[in-house]
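Chain by chain, the residues run as shown.
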Amino acid sequence: MKTLTRSLTKDKVLLALAAPLLAVAAAFVISSLVFLASGENPLRAYGIMADYGHYSDSQVWIVNKAVPYYLSALAVAIGFRMNLFNIGVDGQYRLAAFAAAAVGGAIALPGALQIILLIVIAMLVGALWAGIAGVLKTSRGVSEVITTIMLNAIAASVIGYFLQDGRLAIKDGNLLHTKFLPESSHFFSFPTDPKPVYGFVVIAALAGFVYWFVLNRTRFGFDLRAVGTSEPAAEASGVSVKRMVVISMLLSGAAAGLVGMPTLLNESFNYGTDFPAGIGFTGIAIALLGRNHPVGMAFGALLWAFLDRTGSRLEFEGYAQEIVGVIQGVIVLCVVIAYEIVRRYGLRAQQRKVGEELAAQARTNPGENDKAEATA
């Protein structure tokens, strides 16, 4: 039995390495075929991307861009671990950032108090907005997918109503934005050349650690994963499924509330009509890419930001504008399919080895089997 356990552990490690390697190889081949189909040299394209991506300004841009991507993926992954599809991260982070910007532009507290207040406000607004979907699911059986899609539209309408000159916004040329945040609201940055790296990368790393610790080292995380695996089994063991659904949506929304903070506190210092949108949907792809693992999602966010950055260079070099979007989609599909193929292969291999081990034990100890049958 010990030999079987060691063999299964070894196979598990090999399969864990095989899945990403298979995904990378498949994505490379398919992306190359896409380049060839468009009449372009794929090796030249990869060379341009690698060359442009290693510049220091590109590296800073990639890290800064990856921070909100990563936070968005964390928010989505919390729902995924519960078998919940929080497609409303986009509306949650935008409404949260708007609320934080409106409050931050109206008051000025000393030092870190202002920053802490704005982060707490953003997390609360995001949690409450996502919590609506959780309550409707548990009380009325409404799908969180439908609810969060509708809440995205409502959030956009609420922001559009208040983001008007004379209400909570001021007109600046063709743009409308909230009042600028005072100096005390500016988050720190790491001085790098030629531009600084957002200090919010530290908050993102802490959020990733908390996500990993809560899911894997606490009773709540065990209950959450249990409900995500089998609701009837979790209910039978005493876990309140409805309670877990609401709490999970609240936590997912709180994480979503952080998504807009790097831009608000490190870059724009206001919320305007040019505030980044669509990051919530990007987070869905990155959560799938990273398999809901904090480290995997970090690499996924960096890869996505790298493709965003180098894609602009490809367009400048005459490649089709949509080519990077195609590559991103191909990568996500290859990762999902590769992991599923490896999972099914591993399950069949494990069943086969267990069967072989039991058959071998039956051959070596026939007497014990006869006694067991006689007793039965």
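Keep in mind it's a predicted model, so treat the numbers as computed, not measured. (Residues numbered from 1 in each chain as written. Predicted model: local features only at pLDDT ≥ 70, side-chain atom pairs only at ≥ 80, totals over all residues. Heavy atoms only, no water.)

Caption draft 1: The arrangement of the overall build of the protein chain in detail. Scanning the protein chain from terminus to terminus reveals 15 helices and four strands. Dimensions of the protein chain along its principal axes, counting C-alpha atoms only, are 90 × 55 × 35 Å. Counting the 376 residues in the protein chain, one finds 41% classified as buried. In the protein chain, 75% of the contacts between residues at least 6 apart in sequence involve partners at least 24 apart. Carbon and sulfur atoms provide 66% of the accessible area of the protein chain, an area that totals close to 19,400 Å². Separation of charge centres in the protein chain, based on 29 positive and 25 negative side chains, amounts to 7 Å. (Helix = DSSP H or I, 4+ residues; strand = E, 2+ residues; numbered from the N terminus. Buried < 20%, exposed > 50% of the residue type's maximum accessible area, 1.4 Å probe, protein only. Contact = heavy atoms within 4.5 Å. Areas by Shrake-Rupley, 256 points an atom, 1.4 Å probe, with all protein chains shown as cover. Lys, Arg positive; Asp, Glu negative; His and termini not counted. Charge placed at Lys NZ, Arg CZ, Asp CG, Glu CD.)

Caption draft 2: Seen up close, the UniProt feature "transmembrane region" (unreviewed entry) in the protein chain. In the numbering adopted here, UniProt assigns the feature "transmembrane region" (unreviewed entry) to residues 60-80, 92-109, 115-136, 145-163, 197-215, 245-265 and 323-342. The annotated region residues 92-109 carries 83% helix and 0% strand content, and the separation between its end C-alpha atoms amounts to 25 Å. As annotated, residues 115-136 comprises 100% helix and 0% strand, and the C-alpha atoms at either end are separated by 32 Å. (UniProt positions renumbered as here; feature names shortened; annotations may be inferred.)

Caption draft 3: Structural context of the packing of helix 3 (residues 56-80) against helix 10 (residues 241-257). Contact pair helix 3 / helix 10: the axes reach a minimum separation of 8 Å and the direction vectors enclose 175°. One finds that helix 3 runs roughly antiparallel with respect to helix 10. Residues Leu71, Ala75, Val76, Ile78 and Gly79 of helix 3 pack against Ser248, Leu251, Ser252, Ala255 and Ala256 of helix 10. Along the lines of polarity and charge, the residues of the contact of helix 3 with helix 10 split into seven nonpolar, three polar and no charged. (Axes fitted to C-alpha atoms, helices over the stretch in contact; angles between N-to-C directions. Parallel < 35°, antiparallel > 145°, perpendicular 65-115°, else oblique. Nonpolar A, V, L, I, M, F, W, Y, C, P; charged D, E, K, R; others polar.)

Caption draft 4: View of the environment of Tyr69. Mapped onto the fold, Tyr69 is located in helix 3. Tyr69 sits in the buried class, given a relative accessible area of 7%. Put simply, Tyr69 and Gly260 are 191 residues apart on the chain and 9.8 Å apart in space, counted from C-alpha to C-alpha. With residues near it in sequence (within four places) discarded, Tyr69 still touches Ile279, Thr282, Gly283, Ile286, Ala301, Trp304, Ala305 and Asp308.

Caption draft 5: The arrangement of the side chain of Gln114 in detail. For Gln114, the location among the structural elements is in helix 5 (residues 111-140). Among the polar contacts listed, one links the side chain of Gln114 to the side chain of Ser185, at a separation of 2.9 Å. Setting aside chain neighbours within four positions, we find Gln114 in contact with Gly104, Ile107, Ala108, Leu109, Pro182, Ser184 and Ser185. (Polar contact = N/O pair within 3.5 Å; in protein donor to acceptor, adjacent residues only side chain to side chain.)

Caption draft 6: Spatial organisation of the packing of aromatic side chains. For the structure shown, the criterion picks out 13 aromatic pairs. Plain terms: the ring middles of Phe187 and Phe200 are 5.2 Å apart, the flat faces sit at 55° to each other, and that makes the pair tilted. With a gap of 13 residues between them, Phe187 in the loop between strand 2 (175-177) and strand 3 (189-190) and Phe200 in helix 7 (residues 200-217) connect regions that are remote in the sequence. Of the two residues, Phe187 and Phe200, neither departs from the other in class, the shared state being buried. An aromatic cluster of three or more residues is present, and its members are Phe28, Phe35, Tyr46 and Tyr319. It is Arg167 that lies over the ring of Tyr161; its NZ or CZ is 4.0 Å from the centre. (Phe/Tyr/Trp six-rings, centres within 6.5 Å; stacked < 30°, edge-to-face > 60°. Lys NZ or Arg CZ within 6 Å of the ring centre and 35° of its normal.)

Caption draft 7: Seen up close, helix 10. In this model, helix 10 (17 residues) spans 24 Å end to end at C-alpha, consistent with the 24 Å of a helix rising 1.5 Å per residue. Within helix 10, burial applies to Val241, Met244, Val245, Ser248, Met249, Ser252, Gly253, Ala254, Ala255, Ala256 and Gly257. (Expected span 1.5 Å × (residues − 1).)

Caption draft 8: Examining the pattern of salt bridges more closely. Using the criterion set out here, one finds eight salt bridges in the structure. Here Glu340 ties to Arg343 by a salt bridge, and the two come within 2.8 Å at their closest N and O atoms. Linking Glu340 with Arg343, this pair stays in helix 14 (residues 323-364), spanning three residues, or about one helical turn. With a shortest N-O distance of 2.8 Å, Arg344 and Glu340 are connected by a salt bridge. One end of the pair is Arg344 and the other is Glu340, both in helix 14 and four residues apart, which spans about a single turn. (Salt bridge = Lys/Arg side-chain N within 4 Å of Asp/Glu carboxyl O.)

Caption draft 9: Fine view of unusual backbone geometry. A cis amide bond, omega 5°, links Asp193 with the succeeding residue Pro194. At Asn83, a position not held by glycine, the phi torsion is positive, near 65°. Structurally, Asn83 can be placed in the loop between helix 3 and helix 4 (89-106). With a phi angle near 65°, Asn292 is a residue other than glycine that sits in the positive phi range. Summarising the element assignment, Asn292 is placed in the loop between helix 12 (279-289) and helix 13 (294-316).

Caption draft 10: How the structure looks around the nonpolar core. In terms of nonpolar packing, the biggest core is built from 89 residues, with Phe200, Leu265, Met297 and Leu314 touching the most fellow members. Among the elements that make up this core, the one with the highest residue count is helix 3 (13 residues). Filtering out sequence-adjacent residues up to four positions away, Leu265 remains in contact with Ile115, Leu118, Ile119, Leu181, Ser185, His186, Phe187 and Phe200. (Core = buried A, V, L, I, M, F, W, Y, C linked by side-chain atoms within 4.5 Å.)

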